[in-house]
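# Architecture at a glance
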Amino acid sequence: MSGKQRIQLTLDCDIVDAAKDRYLSVSNRVNELLAMDMYGSDEKDELVNRLHELKLEEKSITKRICELEKKEVIIQENGSNIQEIMEWVNTIYSRKGVVGLNKVEAECKRKHVSFDEIKQILDAEEIAYVKYS
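The present account deals with the structure reproduced in this document. Worth saying up front: this structure is predicted, and the values here are computed from it rather than measured. (Residues numbered from 1 in each chain as written. Predicted model: local features only at pLDDT ≥ 70, side-chain atom pairs only at ≥ 80, totals over all residues. Heavy atoms only, no water.)

Here the structure, examined in full by the defined rule, presents five salt bridges. E32 is paired through a salt bridge with R29; the nearest N and O atoms lie 3.2 Å apart. In this pair, E32 and R29 are both assigned in helix 2 (residues 26-39), three residues apart and thus about one turn of the helix distant. Given the relative accessible area of 43%, E32 is considered partly exposed. When its relative accessible area of 25% is taken as the criterion, R29 is described as partly exposed. With a shortest N-O distance of 3.4 Å, E67 and R64 are connected by a salt bridge. Within this pair, E67 and its partner R64 are both found in helix 3 (residues 41-96), separated by three residues, close to a single helical turn. Judged by relative accessible area, which is 33%, E67 ranks as partly exposed. (Salt bridge = Lys/Arg side-chain N within 4 Å of Asp/Glu carboxyl O. Helix = DSSP H or I, 4+ residues; strand = E, 2+ residues; numbered from the N terminus. Buried < 20%, exposed > 50% of the residue type's maximum accessible area, 1.4 Å probe, protein only.)

Below, the structure written as structure tokens:
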């Protein structure tokens, strides 16, 4: 602001007394408040835009957290399903001495487990298998 001008304002007495206790210069504070009221809309718009950006970022982060939690659940279910299939395979193997890959593949599809992963486990554990049973 370039120059200053002296004006007369009419204010409530209790507000003037409280302002004198709180601020070093009531004139400066009134000047600041009027300037914010008249020219502060740019700052307000910036803050509103920033808040909007933060809300969008929050939504994006929340969505990513949900995706990660969903993947964790799938991994846990997959591990549990692999264990169930291997228990099933061991039961059949202990009864028959051999496991049919066609039956294992069907069970893998039913439990949403990778057949190749189960086949690798069968090879590692040296469980005998045939193509069809």
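With that settled, the discussion passes to the side chain of E107. The residue E107 is located in helix 4 (residues 101-111) in this model. Note on E107: relative accessible area 11%, which makes it buried. Not counting residues within four places of it along the chain, the set of residues in contact with E107 comprises I85 and W88. (Contact = heavy atoms within 4.5 Å.)

Every buried residue of helix 5 (residues 115-124) is listed here: F115, I118 and L122. For helix 5, the angular spread of the buried residues around the axis is 65°, confining them to a single face. When the buried face of helix 5 is taken as reference, the exposed residues oriented beyond 90 degrees from it are D116, Q120 and A124. Positive backbone phi, approximately 55°, marks E126, located one or two places after helix 5. (Arc of directions from axis to C-beta.)

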